[in-house]
2 protein chains.
Amino acid sequence: MGDQKSKVLIIGGTGHIGKFIVEASAKLGHPTFALVRETTVSSNPERSKIIHSFKSYGVNLIYGDVHNHEDLVKAIKQVDVVISTVGVELMAEQHKIISAIKEAGNVKRFLPSEFGGDVDLSQVVEPAKDYVELKRKIRRAVEAEGIPYTFIVSNGFAEYFLAGLGQLNAKVPPRDKVVILGDGNTRVILLAEEDIATYTIKTVDDPRTMNKTLYMRPPANVLTFNEIVALWEKKIGKTLDKIYITEEELLKNIQEAPSPLNFILAINHNAFVKGNFDVVVPLGVEACQLYPEVKYTTVDKYLDQFV
Amino acid sequence: MGDQKSKVLIIGGTGHIGKFIVEASAKLGHPTFALVRETTVSSNPERSKIIHSFKSYGVNLIYGDVHNHEDLVKAIKQVDVVISTVGVELMAEQHKIISAIKEAGNVKRFLPSEFGGDVDLSQVVEPAKDYVELKRKIRRAVEAEGIPYTFIVSNGFAEYFLAGLGQLNAKVPPRDKVVILGDGNTRVILLAEEDIATYTIKTVDDPRTMNKTLYMRPPANVLTFNEIVALWEKKIGKTLDKIYITEEELLKNIQEAPSPLNFILAINHNAFVKGNFDVVVPLGVEACQLYPEVKYTTVDKYLDQFV
């Protein structure tokens, strides 16, 4: 391939983060493909608009469906990199993407749909636990199949968690009172969707992120919720009333809330109380990989001395 | 320095893992120094023997005490690398080592006393929780001071966890019955002390492990406890009686046991039930470090759009 940029297929490109990633891929010079359902194009005005914008960036639309194995294999065979940005409802279906990648046999990198906290280090409670567990199983399946991967831990979307200052249903920050989950001293890492997309695309041809987790931790964005509120207060020159919800109350709310509110609250609990958007990341390396010349004692051999 | 091997000071060198590390350092060609208390040499026959063996490998003994700041600074100024292998009783005193390293100003790498599971990902219960928390605080202090470091996650010592097959007070594997904590399906990673020492010394001049956690996961040694027992049974051609202790029973035992048995049980619970000797290691890289050219949107700037 030389210096040529890899061809990228995005599956789930009309979703919240997907559209940013499609745009970043095209703008950073990758031949970019988006798998879209024909029904989406015709039936959903908002998504039609997104697809229209894709055309303006020169994105190649591939009509097809994740549930159709042949569609998938055919689409994947045209590219080097597959990025899944599917949402909750298609999360489990990524096993189908994995099968198609295996059959196609040409994929140089696969990024499964993650774009949140580290699912391996999550402390999320039900009903979101099953969902996180699903992402974890996708990781294990990708590893087990030997598909070259990068797992993207992008932490929190700014539009979801920052624009409304974490308030339910808010799209702009509050100006009178703010509800704070826990004591507000948990650190959260929040990124603009455009930045998440840029980092994601930067990584697809980068050998340094091959078979690794890419953590996004912009230093200026590692803040406690209290610090974020203080930033906002300073900007508007006004102190907000603060209502603290203890973890105990929040857990009770999660159990009593109807769906999907209980799911959102569980995600917020994980982010703002448990700190899943700021796991202490072990930037680790592994001894046997670094020093294969060391002939270590196996457990099997070690036990021989006692026989 | 060129190809010259760095000078290594071991603090706590007469301890369980320390003596192996002193030996590995000397044998791998590092000018090796061990800080020892004069009282240790004269009063403790076992440790005197260890110190005698150090002399036979050409180790330079430095008489001094961790509690004496001037002793420490003077010792540290003679070397490039400091490895702490202090035990439980001196764990908190490592803040003194950190201060001395700061004052000395010449240290190219510091390895605080770890040599267990990953303390950042530990699920250990009391009374061992405080101890693990202490190691975690030492990590944060080292990072905060900007001291170049490597954190060593060596998982389980073979002498402690494998020689006696995890049975309390046993130094050889049992031949009739074996107590299994939990269901025995948790994976544990156990290494011979000599191998831990070799990997540890290999890492001190390796730029790839600078400011990273080094995980030791020899593939042949990633086994469930049940698998280890089966290995042993095959070797002696005999099936052992198996007594399973549920997590609930074990937690109750921990609460009721006297010290230090409760501490040991808590460590065993963390290792054999919670799986702290086999955390799913995110071999991670960080986006801003890899792509400093991306000018990301800070939280501060992001909020400006709403003012």
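Residues numbered from 1 in each chain as written. Chains lettered and ligands numbered in written order. Predicted model: local features only at pLDDT ≥ 70, side-chain atom pairs only at ≥ 80, totals over all residues. Heavy atoms only, no water.

Chain A carries the name NmrA-like domain-containing protein in an unreviewed UniProt entry, which gives Manihot esculenta as its organism. Listed in UniProt under the heading Sequence similarities (unreviewed entry), the comment for chain A reads: "Belongs to the NmrA-type oxidoreductase family. Isoflavone reductase subfamily." (UniProt positions renumbered as here; feature names shortened; annotations may be inferred.)

(A) Looking closely at unusual backbone geometry. A cis amide bond links Ser259 of chain A to the next residue, Pro260 of chain A, at an omega of 0°. For Pro260 of chain A, the location among the structural elements is in the loop between α10 (247-256) and α11 (261-273). Even without being glycine, Phe115 of chain B reaches a positive phi, approximately 60°. In this structure, Asn155 of chain B takes a positive phi of about 60° despite not being glycine. (Helix = DSSP H or I, 4+ residues; strand = E, 2+ residues; numbered from the N terminus.)

(B) How the structure looks around the pairing of strand β2 (residues 32-36) of chain A. Residues and elements named next belong to chain A. Taking burial as the measure, the five residues of β2 include five buried ones, the bulk of the element. Taking every second residue as pointing to the same face, both faces of β2 are buried, with Thr32, Ala34 and Val36 on one and Phe33 and Leu35 on the other. Relative to β2, strand β1 (residues 8-11) is paired through four bridges, and the arrangement is parallel. Residue pairing for β2: Ile10 is matched across the bridge by Ala34. A crossover connection joins β1 to the parallel β2 through helix α1 (residues 18-27); in handedness this β-α-β unit is right-handed. Two strands pair when backbone bridges link them, and β2 and strand β3 (residues 60-63) are joined in this way by four bridges, in the parallel orientation. Along β3, the bridge assignment pairs Ala34 with Leu61. (Buried < 20%, exposed > 50% of the residue type's maximum accessible area, 1.4 Å probe, protein only. Pairing = 2+ DSSP bridges. Right-handed = clockwise from strand over helix to strand, strands pointing away.)

(C) Region of interest: the packing of aromatic side chains. Summed over the entire model, instances satisfying the criterion amount to 14 aromatic pairs over all chains. Following the ring pairs from residue to residue traces out a cluster consisting of Phe157, Tyr160, Phe161, Phe225, Phe272 and Phe277 of chain A. (Phe/Tyr/Trp six-rings, centres within 6.5 Å; stacked < 30°, edge-to-face > 60°.)

(D) Examining the pattern of salt bridges more closely. Within this structure, the stated rule accounts for 34 salt bridges over all chains. Lys235 of chain B is the partner of Asp304 of chain A in a salt bridge, and the nearest nitrogen-oxygen pair spans 2.6 Å. Of this pair, Asp304 of chain A sits in helix α13 (residues 299-304) while Lys235 of chain B sits in helix α9 (residues 225-236), each in a different chain. Connected through shared salt-bridge partners, Glu114, Asp118, Asp120, Glu133, Arg136, Arg139, Arg140 and Glu143 of chain A make up one network. (Salt bridge = Lys/Arg side-chain N within 4 Å of Asp/Glu carboxyl O.)

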